[in-house]
Each structure stands twice: as structure tokens, then as C-alpha cells.
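# Examining the three-dimensional arrangement
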Amino acid sequence: MRASRLFLPTLKEDPAEAEAISHKLMVRAGLVRQLAAGLYIYLPLGLRVLNKICQIIREEMNAIGAQELSMPVLQPAEIWMQSGRYESIGEEMFRLKDRGGREMVLGMTHEEIITWLASREIRSYRELPQVWYQIQTKLRDEARPKSGVLRTREFIMKDSYSFDTDAEALDRNYQLHIDAYNQIFKRCGIDFFMVDSDPGMMGGATAHEFMAPSPAGEDEVALCKCGYAANVELARSVPGHPDYPEPGGEEIATPDARTIEEVSGYLDISPDLLVKSILVITDAEPVLAMVRGDHELQESKLTRAIGGFRPATREEIRDITGADAGFIGPVGLDIRLVADESLREGVFVAGANKNGYHLQGVQPEVGFRPEWADIRRVKPGEKCPICDQSEEGLRIERVIEIGNIFKLGTKYSKPLNATYLDETGKEREIIMGSYGIGPARIAAAAIEQLADERGIVWPAAIAPFAVHLVLVQPQDSQQAAMAEKLYADLMGAGIDTLLDDRKISPGVKFTDAELLGLPIRIIIGKRAVAGGRLEVQSRRSGEEYQIDPGEAAEKIGSLLAAL
RNA sequence: CGGGGCGUGGCGCAGCUUGGUAGCGCGCUUGCUUUGGGAGCAAGAGGCCGGCGGUUCAAAUCCGCCCGCCCCGACCA
């Protein structure tokens, strides 16, 4: 491609609305333009990147026997009503009516549709297993689109679905996807790892996420040297034990001391000797959730324990406990109590349900009898639940979710009636799995992880072009001839090359080349013409090579392969 | 949805407190010069100051409502 003909609007300055590095650079390097909140136009260069990523995905999905198909984005609401998600999803799904008044939705994902298809077409165990996938647009009415292409309302996703006769067969397809995903992300040249993830409200099923470490990410994971890796939504840990005081149970005046900080300061004890009590309201009842004073409540864990909930209002707290927030506690409260495991053994200070007072010497199982659950958020430095060994304990890292895999079981096949006949002629529900990858997030993660102060640094496999051929003076016939010859050679060798033949000052070309971040830059100017050697430079390492023009295609090819 | 910020040529911003002629840098057009790190000179084009309403002789500027975008939080099959 010739830069003189390419639609590549680069910008000198960061766009005012961008915060994330990938967002700034994708706009500045002419990859994308924003249409509205969470809606992006992919310009030619940006689309080339997406296409390269999708091609890698296709190759690896096909390699595990998955078959590509394509499903509509516009879908009848009726199918979503059958699965129950029409009700459960709420505002995140775009809903509309067609001219005949029929309720429709825009697909956020395609479990319903693929299951509908399977329910009509799969009849016998002989037709299983199947793995079907598509690379298709998804629409989600996100509460808050953000960080450029990292969280948008419309985005493409590779989604695949497996159909099996039993759990063991599902395990095999699940593992095949893990292998394929490892291949895909590795080939894309980004840093990533797999973590345990929260399967969500549906419970039971297994799920994992593939994460690319980056401060721009929205998720956090807990990691141990031993290999334990989990999303903090469900990560476990072994907390340290403080020295506990003698049990007792007497009331102690704590005027104006409401927060953990205030109470521990007033009583001159460390926060891990306090019970933090949080009143929440479920559909059915109020629940008092308790964690240790030095811990935070992990809401996703509490949701698994008690179902959906919301925080209690000030009035509800007073009505139910008789005290204001800051003085509430489990002792003497006749409501559902859920306590974190870290409180199981010990002696604590807790709110007395009386303004201005706390109780000291409170013993769980003596002073109150809660349900026990893991509902605390892991803290960095806590011991790993698996190895319990490493000195530094768990570390917590911010990540971009680039892929996820779920064992669905019969969650969709049951309501949508996707069944098959087994060897004995018995009708059984198909066992399903669902697997997603966000190509745009791979691109953004690559930029976040590799960019430097001068611009993007693309991994060779997903760069929009492999070689940036800078022709310093297009008016100089010798330089132009040399560049044209090289351009033809490289293209002939199947190496995607961008020839910057624009009639502008060299400085602009160099800074643009650094901003665009193509893996290899070759400069054709006076020096190359005079010396008969090509100046070749790696964007990533800065290393320079002198190459003979005659063997350029071959040398560049092997250089790229090594990147 | 709660909190905060911002909307002024294509982009980045000033002007608004204290009402009166819309400005700067970059980009763009034309000409000449220049050509290995964001070129120089000269001449130009381009703005319903987010929208609607109000106050006023007069509104980018003051007041009200609305819309959009960004950030934090909530939310995220």
C-alpha cells in the first residue's frame, strides 16, 4: 500500500476525551474514530489489525475442528423469553419492535440462537460432538462505555459453542478451547494468562477467563507464584491471624466512633480485631454480612451466598437494628447472619446495635450463630489457598479480559429443548459450552503492553503492515527507483509493506512511522542510494541492520519470523 | 443511575469572573524556496461559540431547561 493513497489520518496531539494509552494511540495513529459513546469506526489501518487477529482466531478454531457459521444480530425476543434471559438481563439489552409490532432484540451474545439451531437440527448422539463458531457483532447497552475500544456498546466477538453428549465430552471440548486460546493469544504476541472466573449467578458451572495484564484493564486477579490465578470476584486466600483478647461480651462506650478506623483508633486496637457489619436487603429478607475489620466485602461472593441484594438505606438500618450504621452488629439481631470464614475463630469488637456503643470480647458461635461463607475480598500479601507457601503471598494485578470460557451444561438446552437420542433411544439434553474472544481487546491490550513514548509497537503477527518503507525524497529519481524495486520485491515475497511515498518533509514520515509502530522500518534516502545498502530498523528493539537490496525480501522475511 | 468535569473553525486550546469587533497553535488551500527527524516566506479559506428559551439596547459571556462527551462509582449473560 502506498501512503500517498492510504486513508490514514494521524494526529499530533492526544484527543481530549481519551484517557487510556490504547485509546489515545488508536485515535492518533488513525486506526479508529469515535462516532458516539461506545461506538467506533474502524479506519483502514484499524480494520487491518482486526482482520489479522480474526484470521489467527479462525485458523486456531478450525484447527480444533470448530466450524464457522454466522447468526443474525437482530433476533426475535421470544427465544430470549424462553431461556429466561429476556427478564433477567434488563437494561443492558437493546430491545425494539418490528413494523408488525413483534418484539425483537439486538443480540448481546448468541447462546439462545445457537441453541435454537441445535434444537432443530441435532437429533442423534451420532451427530455429536459439534463445535460451531462465528465472528459477529454484539450489541450491549453498556451503562458506561469507556477506555476507547475496551468497553463499547457495539463490538465484534468470536463466540463458539460446543455440543456434547455428556460431561466428559464437554471437558474435552473445554480443554481443546483452552489449547486453542493459548495458541491464539501467544500468536498475537501479547502477555496473558488464564484465571478461574466467576460463572455468574447460574452457579455450579466452571468458568475461566483469559487476561492480559494492563493498568487500563477493568478486572483484577489474584496470582501466586505456584500458579494459582483467580479473578478477585472469587479468589480465595488464607488471612493472617491476630492475637485475640479474652472473651467477654461487655458493652463499651465508643462515642462518635463509627468507621473501622475511628473505632480501632479510639479503642487503640488493630482493625483485624473488629467485625465490620454491613446490612443488605435481598428480595426476601434483610441480611447482615460480616467481614473482619481489615477486610473488604466482595459483593460477587456475597451474591453467590445469598443471591441478589442491595445495600440497606439509612432508615432500614435504624428500623432493623435499632442503631445507625457504624454501631450495628450481629449480637442479639434476629435476622439472617452471614459471616466471613476469617471470623470463625477469634474474639472481636462488634457494634452493639445501640448508638455510641460497641461490644468487646464477642465470640462467633457463642455471641451469635451465623452462616459461614467466604465473602471477603483477598488482600495482596495474604497466603495462597493452594500452596500456602510463598513468602510474598498473593499479588493482585489489573487485567484486560480478552477471552472467557464457560461450561454451560444444560442451562440453554433445557429451556430451549435441545435434545438428542442416545444409544438406547433415550432423549437427553445436549451438554453445552460457550467460549468468547474480543479481537478489539487483543489489539488494545497489545498497544497497552508494548507502546512506548513515541507510539505503538505492534507484534509482527497483528501489525497492519509488516514493513514501513520510508522513501525520504520521492522527487529523487534514484531513491524512488530503489524504493519501487524494493516495494515490488517485498510485496512479491508476500510481505505486507507500507510505502511512504508522500511528498512531505522527512521528519513527519519518521514520526508517523514511530507512531504507527510497524515492526520493521526501512529508510531509502541519500545514504541508501550512495552506499547501496538498506537501513533496516526494528521498531521494538531499535536494532539496526544493513542489508543488501538484492536479498532484502529473504532477509526481512526471516527477521519478521524471528520477531 | 449517583458524583465530578467539559462542549468555541478539522484537531488542541484561550476568551466567560467584569456582556459590546471571536482569537492562538497545529492542520488545510495557492505560490516560491526547502528536503535524513514534526521546514521557511507570502497570500488565503474555514466558526448558528452544543440546542432551545429567558434577561438586556446588546449574550460565547448572565439565568433556566435540554442534549452530547469524558472521568469516578454503581452496573457488566
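Values in this document were obtained by computation on a predicted structure and should not be read as measured data.

A count of helices and strands for chain A gives 14 helices and 29 strands. Overall size of chain A, expressed as C-alpha extent along the three principal axes, is 95 × 65 × 50 Å. In chain A, once contacts between residues fewer than 6 apart in sequence are set aside, the share between residues at least 24 apart is 69%. A total of about 25700 Å² of accessible surface is found on chain A, and carbon and sulfur atoms cover 49% of it.

Further remarks concern the packing of helix H2 (residues 44–63) against helix H6 (residues 167–187). Packing of H2 against H6 brings their axes to within 9 Å, and their N-to-C directions diverge by 150°. Our classification of the angle between H2 and H6 gives roughly antiparallel. For the element pair H2 and H6, the recorded crossing hand is right-handed. Residues Ile56, Ile57, Glu59, Glu60 and Met61 of H2 pack against His177, Ala180, Tyr181, Gln183, Ile184 and Arg187 of H6.

As a structural note, the neighbourhood of RNA strand B is formed by 42 residues, with Arg151, Phe406, Gln473, Glu514 and Glu535 the closest of them. For RNA strand B, the fraction of protein-proximal atoms (within 4 Å) that sit in sugar or phosphate groups is 52%. One nitrogen or oxygen atom from the main chain of Glu17 is found 3.5 Å from a sugar or linking oxygen belonging to RNA strand B. Counting only elements with at least two residues in the surface near RNA strand B, the list comes to strand S1 (32–36), strand S21 (395–409), helix H12 (506–516), strand S27 (520–524) and helix H13 (526–531). Top element by residues in the surface near RNA strand B is H12. It accounts for seven residues. Broken down by class, the residue content of the surface near RNA strand B amounts to 13 nonpolar, 10 polar and 19 charged.

This part takes up the pattern of salt bridges. Pairing between side chains of opposite charge can happen when the charged atoms of each approach one another. Evaluated as defined, the whole model comprises 45 salt bridges. Where Arg102 meets Glu78, a salt bridge forms, and the shortest distance between an N and an O atom there is 3.9 Å. You can see Arg102 sitting in the loop between strand S5 (95–97) and strand S6 (103–106) and its partner Glu78 sitting in helix H3 (residues 77–83), a full 24 residues away along the chain. Across the salt bridge formed by Glu296 and Lys276, the nearest N and O atoms sit 3.5 Å from each other. Of this pair, Glu296 sits in the loop between strand S15 (286–292) and helix H8 (299–306) while Lys276 sits in strand S14 (residues 275–282), placing them 20 residues apart in sequence. Each member of the salt-bridge network shares a partner with another, and the members are Asp452, Arg454, Glu514, Arg521 and Arg539.

Attention now goes to the pairing of strand S7 (residues 130–139). Burial runs high along S7: nine of the 10 residues are buried. Sheet topology places strand S3 (residues 67–68) next to S7; two bridges connect them, and they run parallel. Within S7, the position partnered with Gln67 by the bridge is Trp132. The sheet contact formed by S7 and strand S8 (residues 154–164) spans 10 bridges and is antiparallel. What sits directly across from Trp132, in S8, is Tyr161.

Note on interface size: it is often stated as the accessible area lost on association of the parts. Per the domain assignment, the segments of chain A are domain 1 (21–206 + 399–447), domain 2 (251–373) and domain 3 (465–562). Averaged C-alpha coordinates put domain 2 and domain 3 at centres separated by 67 Å.

Okay, the sheet that holds strand S29 (residues 544–547) next. Spatially, S26-S25-S27-S28-S29 is the arrangement adopted by the five strands of the open sheet, whose pairing is mixed. The open sheet has two edge strands with one neighbour each: strand S26 (497–500) and S29. Direction aside, neighbouring strands of the sheet carry axes that sit 20° apart on average. Bridging between strand S25 (residues 467–471) and S26 involves four bridges; their strand directions are parallel. What sits directly across from Val470, in S26, is Asp500. Strands S25, S26, S27 and strand S28 (534–538) of the sheet are contacted by helix H11 (residues 477–492), whose axis makes an angle of about 165° with S25.

This part takes up the sheet that holds strand S18 (residues 348–351). For sheets, the rule is that strands pair by backbone hydrogen bonds, running either parallel or antiparallel. Taken in spatial order, the three strands line up as S13-S19-S18 in an open sheet, and their pairing is antiparallel. Edge positions in the open sheet fall to strand S13 (251–253) and S18, since each of these has one partner strand only. With direction set aside, neighbouring strand axes in the sheet form an average angle of 35°. Relative to strand S19 (residues 357–362), S13 is paired through three bridges, and the arrangement is antiparallel. The residue of S19 that forms the bridge with Ala253 is Tyr357.

Before going further, it helps to spend a moment on H2. Taking 1.5 Å of rise per residue, 20 residues should cover 28 Å, and H2 covers 28 Å from first to last C-alpha, within 8% of that figure. Among the residues making up H2, those that are buried are Leu45, Gly46, Val49, Leu50, Ile53, Cys54, Ile56, Ile57, Glu60 and Met61. Downstream of H2 by a residue or two, Gly65 has a phi angle that is positive, lying close to 90°.

When you tally the buried positions in S14, you get seven out of eight residues, the bulk of the element. Between S14 and S15, which follow one another and run antiparallel, lie three residues.

This part covers the packing of aromatic side chains. Using the criterion set out here, one finds seven aromatic pairs in the structure. Ring centres 5.9 Å apart and planes at 85° place the aromatic pair Tyr181 and Phe185 in the edge-to-face group. With Tyr181 and Phe185 both in helix H6 and four residues apart, this pair spans about one turn of that helix. A relative accessible area of 0% means that Tyr181 is categorised as buried. Through pairs of rings, three or more aromatic residues link up here, namely Tyr181, Phe185, Phe192 and Phe210. One Lys or Arg, Lys407, reaches over the ring of Tyr174 and ends 4.8 Å from the middle of that ring.

Basis of the calculations
Residues numbered from 1 in each chain as written. Chains lettered and ligands numbered in written order. Predicted model: local features only at pLDDT ≥ 70, side-chain atom pairs only at ≥ 80, totals over all residues. Heavy atoms only, no water. Helix = DSSP H or I, 4+ residues; strand = E, 2+ residues; numbered from the N terminus. Contact = heavy atoms within 4.5 Å. Areas by Shrake-Rupley, 256 points an atom, 1.4 Å probe, with all protein chains shown as cover. Axes fitted to C-alpha atoms, helices over the stretch in contact; angles between N-to-C directions. Parallel < 35°, antiparallel > 145°, perpendicular 65-115°, else oblique. Left-handed = near helix turned anticlockwise from the far one by under 90°. Near = heavy atom within 4 Å. Polar contact = N/O pair within 3.5 Å; in protein donor to acceptor, adjacent residues only side chain to side chain. Nonpolar A, V, L, I, M, F, W, Y, C, P; charged D, E, K, R; others polar. Salt bridge = Lys/Arg side-chain N within 4 Å of Asp/Glu carboxyl O. Buried < 20%, exposed > 50% of the residue type's maximum accessible area, 1.4 Å probe, protein only. Pairing = 2+ DSSP bridges. Domains from an automatic or database assignment. Expected span 1.5 Å × (residues − 1). Phe/Tyr/Trp six-rings, centres within 6.5 Å; stacked < 30°, edge-to-face > 60°. Lys NZ or Arg CZ within 6 Å of the ring centre and 35° of its normal.

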